[in-house]
Amino acid sequence: MNRKILVTSALPYANGPIHLGHLVEYIQTDIWVRYQKLRGHQCIYLCADDTHGTAIMIRAKNEGRSEEELIASMSESHQRDFERFGIEFDHYGSTNSKENKELCGVFWTSLRNAGLITERSIEQLYDPEANTFLADRFVRGTCPKCGLTDQAGDNCNCGHTYNPTDLIDPKSTLSGATPVLRNAVHLFVELEKLREFLTKWVEEGNHLQTEVANYLKGHFLSDELRDWDVSRPAPYFGFEIPDAPGNYWYVWFDAPIGYIATTQQWCQKNDESLADWWRNDACEIHHFIGKDITYFHTLFWPGMLQTAGFNLPTRVHIHGFLTINGEKMSKSKGTFIAADTYLKYNNPSYLRYFYATKLTQRVEDLDLGLDEFVRKVNTDLVGKVVNLASRVGKFAQQTGLAEHYPDDGGLFAKGAEAGEEIAAAYECKDYSKAIRRIMELADAANPYVEHAKPWEMKKDPEKQDDLQSVCTVAINLFRQLTIYLAPVLPDLAQQCSQWLGEPIQSWDQSKSHLLGTKVGKFNRMLDRVQIEDLEKMIEESKNTTEEPQEPASSLFCDSDQPLKDEPLAEEISIEDFAKVDLRVARVLSAEHVPEANKLLKLQLSLGGDETRQVFAGIKAAYEPEQLVGRLVVMVANLKPRKMRFGLSEGMVTAAGPGGADVFILGIDDGAQPGQRVH
RNA sequence: GGGGCUGUAGCUCAGUUGGUUAGAGCUGGGGACUCAUAAUCCCUAGGUCGCGGGUUCAAGUCCUGCCAGCCCUACCA
């Protein structure tokens, strides 16, 4: 049966370049789409840049250009990266399009007509200098619970959460101004009214992975669903709400509608009808997303679609995050690797293959271990698969392929038989299983050549027919593997097509032999990974900021952003400073605090028997073992503070915005624990 | 505190509806070959299936308690 399938990946935000984390999703989706196309289904893969919101507005302002200019250059960079990784969209749009604006209007009217929109005034912090309301993440201040300074608007390193309005001495990170409270009317979608529908949708019909359905039932559907705030007052970069002038649709309102708007654009290009895709029960809709945006795609979005009478998602496919060597990606460790940086040193096929070997249908994080990466690519992909072609290449160029398929001991037939199992694994996104099966076939193919000894036949004029037979078998087995790998490795499929003069276009080609043709000159298809290249890639990723900046005009051209983020404090006297007793201390021990998200528990020595216990919010940035033994600078006379996990008797000094970007102050050699910092 | 997921050889994982001596690949050790990108092939090492109970004729596989790791939450979405 020929299926009609529309597939999307999450829309990348136009606020930064594509990195290896993003690519987990796009590669996962692209493999699925290529698989469906290979199986002969009508499948289109759509994506777009997500362009609206405060972050874009602020960034454009900081860069001194219009939002439109910013998003246009981002879109270009995103599309270039995707293309180089072989991510093949049928159309790539933007949420800042007229089609999207119109469709937002359609959804809005439906929600209004269904009586789901309500309005109420909410109190929010407002930056009087930047003239804008502040989302939580744009406010920092002193934690009302523990007194730590410079904490985020909604939670503190001490583990407490609060409203930004509770912060002591709050500051806007945009201007440094003290925010003021202002009232503004916001528009809300009353999600609770859709509870019955949503519960049913989550529970029935196999739209979600079971752990996701459980999560939704446990966290949201077990309680009254909160109204969803879908408007933002001016200034805001987005679409103004027609019947509420001065208010804009929140970026998360228009972003998913971008899926449909992008379909609309594709339809216009291809003379198709939007209704065939989005108002047609025979059409499947598949969204691929990361676990962080589960909630938008599994509650709001189905609610919106249902209300506006569009197709509901057939399935939302949710994946976990990327970790590198078992740790979260970190800029300081050089594991925040931009697509562009990767491509300077490595072949995109490596990453596609590696991800495929690791991806399953579960929502778990995917770890890119560098050693494992090298091993899988070199041993499995190059050593087993590509080698099969490489080792008979020269012979085959002379012999060509036999007219009739020789006896291969049932290898090809066995491979053909495995095809449906491999296909089923691709279908349910268990790529790891698909690759495993394919490698089993590759494992059987090499011994065949080994035992046939074609190199001996080559020397014996009597055995030229046998040599041709061996080449025919080896090449057919290689071709079969390549077809199975085609969704993952389109480049390899392309090379194989060219070599054998037969395009790979359909899964079913794996069931039939290629016979009686000449074989072209064999060209090396894939080089082995060099570990040094990976190291260079990591090294280069270490010091780059999130996006490449303009070229440096002088040797030192540090960004002014940190100072903007946290303006200088008011002037103090030398006496004021003298009150703060900074001391050199040695880290005696460091350990994780089981229940704490951000804290490490440190024992610091000030020399002799003088020790202090300190809880430091540096868990995301440092491993305990990195710290033991090193010297730090601590605030030694800070009033001890009772925390949930115990008493904290001081503070370790560090710079940086927090999270994984925390940098502990070091001290030059020679300093001794207990010495005061003047 | 609540919820979810995971825990099988050094590493990455498979283990179908519970059923004979728990599997694979890689790494390690030994050997072979030379067509091939120091690729390949053969042999070999090796695990109280996180721990403790329970159900059963029979449990890695079901139930339960505990432990560990990861993730999500903590009255924000």
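Residues numbered from 1 in each chain as written. Chains lettered and ligands numbered in written order. Predicted model: local features only at pLDDT ≥ 70, side-chain atom pairs only at ≥ 80, totals over all residues. Heavy atoms only, no water.

Here we look at the protein's contact with RNA strand B
Piece 1. Residues in close proximity to RNA strand B total 37 residues, the closest being Arg226, Tyr295, Arg375, Arg524 and Leu526.
Piece 2. Arginine 226 has a polar side-chain atom sitting 2.9 Å from a phosphate oxygen of RNA strand B.
Piece 3. Taking lysine 384, its side chain carries an N or O atom lying 3.3 Å from a sugar or linking oxygen of RNA strand B.
Piece 4. Ranked by residue count, the leading element in the surface near RNA strand B is helix H12 (residues 370–399), at 13 residues.
Piece 5. Here the surface near RNA strand B is built from residues that sort into eleven nonpolar, nine polar and 17 charged. (Near = heavy atom within 4 Å. Polar contact = N/O pair within 3.5 Å; in protein donor to acceptor, adjacent residues only side chain to side chain. Helix = DSSP H or I, 4+ residues; strand = E, 2+ residues; numbered from the N terminus. Nonpolar A, V, L, I, M, F, W, Y, C, P; charged D, E, K, R; others polar.)

A closer look at the sheet that holds strand S17 (residues 366–368)
Piece 1. Taken in spatial order, the three strands line up as S16-S15-S17 in an open sheet, and their pairing is mixed. In this open sheet, the two edge strands, each paired with only one partner strand, are strand S16 (327–328) and S17. (Pairing = 2+ DSSP bridges.)

Details of the pattern of salt bridges
Piece 1. Within this structure, the stated rule accounts for 36 salt bridges.
Piece 2. Between glutamate 364 and arginine 362 there is a salt bridge, and its shortest N-O distance comes to 3.3 Å.
Piece 3. Since its relative accessible area comes to 40%, glutamate 364 is described here as partly exposed.
Piece 4. According to the relative accessible area criterion, arginine 362 is partly exposed, its value standing at 49%. (Salt bridge = Lys/Arg side-chain N within 4 Å of Asp/Glu carboxyl O. Buried < 20%, exposed > 50% of the residue type's maximum accessible area, 1.4 Å probe, protein only.)

So, the packing of aromatic side chains
Piece 1. Summed over all chains, the structure comprises 35 aromatic pairs.
Piece 2. With centroids separated by 5.2 Å and ring planes inclined at 85°, the aromatic side chains of phenylalanine 82 and phenylalanine 89 adopt a geometry described as edge-to-face.
Piece 3. Judged by its relative accessible area of 1%, phenylalanine 82 is buried.
Piece 4. Judged by its relative accessible area of 17%, phenylalanine 89 falls in the buried class.
Piece 5. For the ring pair phenylalanine 220 and tyrosine 295, a centre distance of 4.9 Å and an interplane angle of 40° mean the geometry is tilted. Remark: tyrosine 295 occurs in helix H9 (residues 294–308) and phenylalanine 220 occurs in helix H6 (residues 210–221); sequence separation between them is 75 residues.
Piece 6. Ring-pair connections join several aromatic residues into one group, and the members of that group are Tyr215, Phe220, Trp228, Trp252, Tyr295, Phe296 and Phe300.
Piece 7. Across the ring face of tryptophan 277, the terminal group of lysine 4 is positioned such that the distance to the ring centre comes to 4.1 Å.
Piece 8. One cation-aromatic arrangement involves lysine 291 over phenylalanine 321; the distance from NZ or CZ to the ring centre is 4.8 Å. (Phe/Tyr/Trp six-rings, centres within 6.5 Å; stacked < 30°, edge-to-face > 60°. Lys NZ or Arg CZ within 6 Å of the ring centre and 35° of its normal.)

Considerations on the sheet that holds strand S5 (residues 132–133)
Piece 1. Strand order in the open sheet made by the four strands is S5-S4-S9-S10, with antiparallel pairing throughout. Looking along the sheet, the strands with just one partner apiece sit at the ends: S5 and strand S10 (228–229).
Piece 2. Bridge count for strand S9 (residues 180–189) against S10 is two bridges, and the pairing is antiparallel. Of the residues in S10, the one forming a bridge with valine 189 is tryptophan 228.

Regarding the packing of H12 against helix H18 (residues 531–542)
Piece 1. Where H12 contacts H18, the two axes come as close as 10 Å, and the packing angle between them is 140°. The orientation of H12 with respect to H18, classified from their angle, is oblique. Taken as a pair, H12 and H18 cross one another with a handedness that is right-handed. Residues Leu370, Asp371, Phe373 and Val374 of H12 pack against Ile531, Leu534 and Ile538 of H18.
Piece 2. Residues belonging to the contact of H12 with H18 are distributed by class as follows: six nonpolar, no polar and one charged. (Axes fitted to C-alpha atoms, helices over the stretch in contact; angles between N-to-C directions. Parallel < 35°, antiparallel > 145°, perpendicular 65-115°, else oblique. Left-handed = near helix turned anticlockwise from the far one by under 90°. Contact = heavy atoms within 4.5 Å.)

Brief notes about the state of the cysteines
Piece 1. One pass over the structure, following the stated rule, counts zero disulfides.
Piece 2. A disulfide-free cysteine, cysteine 43 has its sulfur positioned 9.4 Å from the sulfur of cysteine 283, the nearest such atom.
Piece 3. Between cysteine 428, a free cysteine, and cysteine 43, which holds the nearest cysteine sulfur, the sulfur-to-sulfur gap is 16 Å. (Disulfide = S-S within 2.5 Å.)

Focus: the side chain of arginine 232
Piece 1. Mapped onto the elements of the fold, arginine 232 is located in strand S11 (residues 231–233).
Piece 2. A polar contact is formed between the side chain of arginine 232 and the side chain of aspartate 229, at a distance of 3.3 Å.
Piece 3. Once you skip the residues sitting within four places of it in the chain, arginine 232 turns out to touch His186, Gly246, Asn247, Tyr248 and Tyr250.

Looking at the confidence of the model for chain A
Piece 1. On average, residues of chain A carry a pLDDT of 87, and 90% of them reach 70 or more.
Piece 2. Confidence over residues 545–557 falls short of pLDDT 50; this stretch has seven contacts with residues more than four positions distant or in other chains.
Piece 3. Overall fold confidence (pTM) sits at 0.80, and the ipTM for the predicted complex is 0.91. (pLDDT = per-residue confidence, 0-100.)

What to know about the side chain of threonine 29
Piece 1. Tracing the sequence through the fold places threonine 29 in helix H1 (residues 20–38).
Piece 2. Engagement of the side chain of threonine 29 in a polar contact is seen with the side chain of serine 9, the distance being 2.9 Å.
Piece 3. If sequence neighbours within four positions are ignored, threonine 29 has contacts with Val7, Thr8, Ser9, Tyr45 and Phe288.

Comments concerning the environment of serine 648
Piece 1. Of note, serine 648 is situated in strand S23 (residues 646–648).
Piece 2. When the C-alpha atoms of serine 648 and glutamine 613 are compared, they prove to be 5.7 Å apart, with 35 residues separating the residues in sequence.

Details of unusual backbone geometry
Piece 1. Here the amide bond leading from alanine 234 into proline 235 is cis, since omega sits at 0°, within 30 degrees of zero.
Piece 2. For proline 235, the position within the fold is in the loop between S11 and strand S12 (247–249).
Piece 3. Within the chain, aspartate 271 stands out as a residue other than glycine whose phi angle is a positive 55°.
Piece 4. The phi dihedral of lysine 429 falls on the positive side, at around 65°, and the residue is not glycine.

Things to note about the nonpolar core
Piece 1. Ranked by size, the top nonpolar core spans 167 residues in total, and within it Phe253, Trp278 and Tyr355 carry the most contacts.
Piece 2. The dominant element in this core, judged by the number of residues it contributes, is H12, at 13 residues.
Piece 3. For phenylalanine 253, the contacting residues outside a window of four places in its chain are Cys104, Phe107, Trp108, Leu111, Trp228, Val230 and Met304.
Piece 4. In terms of nonpolar packing, the next biggest core, distinct from the first, is built from 19 residues, Val614, Met634, Val662 and Ile664 among them. (Core = buried A, V, L, I, M, F, W, Y, C linked by side-chain atoms within 4.5 Å.)

So, helix H11 (residues 348–358)
Piece 1. In terms of burial, H11 is largely enclosed, as ten of its eleven residues are buried.
Piece 2. Along H11, the positions that sit buried rather than exposed are Pro348, Ser349, Tyr350, Leu351, Arg352, Tyr353, Phe354, Tyr355, Ala356 and Thr357.
Piece 3. Backbone nitrogen of serine 349 and a side-chain oxygen of the N-cap are separated by 2.8 Å at the start of H11; the cap is asparagine 347.

A short note on the pairing of strand S21 (residues 631–635)
Piece 1. Most of S21 sits out of view: five of its five residues are buried.
Piece 2. Side chains Leu631, Val633 and Val635 of S21 all project onto a buried face; the interleaved residues Val632 and Met634 project onto the opposite face, where all are buried too.
Piece 3. With five bridges connecting them, strand S18 (residues 582–592) and S21 associate as antiparallel partners. Its bridge partner lying in S21, valine 584 is registered against valine 633.
Piece 4. Pairing between S21 and strand S24 (residues 651–652): two bridges, direction antiparallel. Note that in S24 the partner of valine 635 across the bridge is methionine 651.

Considering the packing of helix H16 (residues 464–485) against helix H17 (residues 490–500)
Piece 1. In contact at an axis separation of 10 Å, H16 and H17 are set at 145° when each is read in the N-to-C sense. The two elements H16 and H17 cross, and the hand of that crossing is left-handed. For the pair formed by H16 and H17, the contact residues are Ile475, Phe478, Arg479 and Thr482 on the first element and Leu492, Ala493, Cys496, Trp499 and Leu500 on the second.
Piece 2. Here the contact of H16 with H17 is built from residues that sort into seven nonpolar, one polar and one charged.

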